[in-house]
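Each chain, letter by letter, is given below.
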Amino acid sequence: MRFPVSTRGWAAAGATALLLAGADSGPTVAADVAASRLTTFNCEGSINVNVHPLNGAVDGRSGGNFRCSTPDRSFAAELTISGSVTSSGALFYATRTTDTLRRTDTGQTFRITIDRRLDRDTSAASGNATERGSSGQARDSGTGTFGTGTNLVTFVITNNYLLDVNV
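Computed from a predicted model, the values in this text were never measured in an experiment. (Residues numbered from 1 in each chain as written. Predicted model: local features only at pLDDT ≥ 70, side-chain atom pairs only at ≥ 80, totals over all residues. Heavy atoms only, no water.)

With that settled, the discussion passes to the pattern of salt bridges. A full pass over the atoms with the stated rule returns nine salt bridges. Note that glutamate 131 and arginine 116 form a salt bridge whose closest N and O atoms lie 2.9 Å from each other. Placement of the pair is glutamate 131 in strand β7 (residues 126-134) and arginine 116 in strand β6 (residues 109-120), with a sequence separation of 15 residues. Each member of the pair, glutamate 131 as well as arginine 116, is classed as buried. Its salt-bridge partner being aspartate 119, residue arginine 132 comes within 3.1 Å of it at the nearest N-O pair. Taken as a pair, arginine 132 in strand β7 and aspartate 119 in strand β6 lie far apart in primary sequence, 13 residues in all. The partly exposed category is assigned to arginine 132, whose relative accessible area is 43%. A relative accessible area of 13% means that aspartate 119 is categorised as buried. One salt-bridge network, in which partners are shared between bridges, spans Asp99, Arg116, Glu131 and Asp140. (Salt bridge = Lys/Arg side-chain N within 4 Å of Asp/Glu carboxyl O. Helix = DSSP H or I, 4+ residues; strand = E, 2+ residues; numbered from the N terminus. Buried < 20%, exposed > 50% of the residue type's maximum accessible area, 1.4 Å probe, protein only.)

A separate point is the environment of glycine 133. Turning to its location among the elements, glycine 133 is positioned in strand β7. Excluding anything up to four places from it in sequence, glycine 133 contacts Ile114, Asp115, Arg116, Arg139 and Asp140. (Contact = heavy atoms within 4.5 Å.)

Phe66, Leu101, Phe155 and Leu163 are the most contacted members of the largest nonpolar core, which has 27 residues in total. Examining the composition of this core, we find that six residues originate from one element, strand β9 (residues 152-166), more than from any other. Excluding residues within four positions of it along the chain, phenylalanine 66 makes contact with Cys43, Glu44, Gly45, Ser46, Ile47, Ala76, Ala77, Glu78, Leu79, Leu101, Tyr161 and Leu163. (Core = buried A, V, L, I, M, F, W, Y, C linked by side-chain atoms within 4.5 Å.)

Time to look at the state of the cysteines. Counting across every chain of the model gives one disulfide. The residue that forms a disulfide with cysteine 43 is cysteine 68, at a sulfur-sulfur distance of 2.0 Å. Handedness here is read from the sign of the S-S torsion; for cysteine 43 and cysteine 68, about 105°, the answer is right-handed. Taken together, the residues span a long stretch of sequence, with cysteine 43 in strand β1 (residues 40-52) and cysteine 68 in strand β3 (residues 67-70) at a distance of 25 residues. Here cysteine 43 matches cysteine 68 in class, with each residue buried. (Disulfide = S-S within 2.5 Å.)

Two elements, β7 and strand β8 (residues 138-149), share nine bridges in a ladder whose sense is antiparallel. When the sheet's bridge partners are listed, alanine 129 is paired in β8 with glycine 144. The antiparallel pairing of β7 with β8 creates a hairpin that spans three residues between the two strands. Alignment of β8 against β9, held across 11 bridges, turns out to be antiparallel. Each bridged residue has a counterpart across the sheet, and for threonine 143 the counterpart in β9 is asparagine 159. Counted along the chain from β8 to the antiparallel partner β9, the turn is two residues long, and its residue asparagine 151 has a positive phi close to 55°. (Pairing = 2+ DSSP bridges.)

Enumeration according to the criterion identifies five aromatic pairs in this entry. Geometrically, the ring pair formed by tyrosine 93 and phenylalanine 155 is edge-to-face, given 6.3 Å between the ring centres and 80° between the ring planes. One end of the pair, tyrosine 93, is in strand β5 (residues 92-103); the other, phenylalanine 155, is in strand β9, with 62 residues separating them in the sequence. No difference in accessibility class separates tyrosine 93 from phenylalanine 155, as the two residues are buried. Taken together, the ring pairs connect Phe41, Phe75 and Phe110 into an aromatic cluster. (Phe/Tyr/Trp six-rings, centres within 6.5 Å; stacked < 30°, edge-to-face > 60°.)

Put into structure tokens, the structure is as follows:
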């Protein structure tokens with residue numbers, strides 16, 4: 001048995017495919033251009049992070065030697081940390097913070113959300129600590145020490161602390 005074949009349907013399908021392909025390339029090009037405009041700040045220095053176990057609050061800030069750079073310039077900056085504990089165990093705290101990175105030369109600020117994990121090596125009152133975090137905007141890591149007080153655990157991340165931010 002034979003089935004008649006019409007080329008008229010193929011031409012319409014081809015034209016439709018071309019129109020759809022042309023319509024799709026606009027947003028893709030726009031997205032590629034927008035993505036290429038991102039600036040990456042590479043920051044280093046130290047941070048102090050306070051975890052308040054009773055209410056789950058997290059706060060902190062960068063030390064005085066905090067600096068960021070782009071491929072063509074370096075500048076002093078300040079990082080302010082604010083958020084909450086999302087989970088915890090005997091030797092760790094997982095947090096979600098919304099941080100503010102401020103360029104001290106221009107006053108320009110950027111808001112960054114980061115999921116961090118703060119680990120301590122012992123359940124004693126003080127010891128060694130590690131910190132690492134990431135999000136779609138940023139990633140960071142470093143090592144240092146921790147100390148406990150009344151309803152407070154402070155992480156002082158001074159060794160090899162690096163923060164990479166895409167804004």
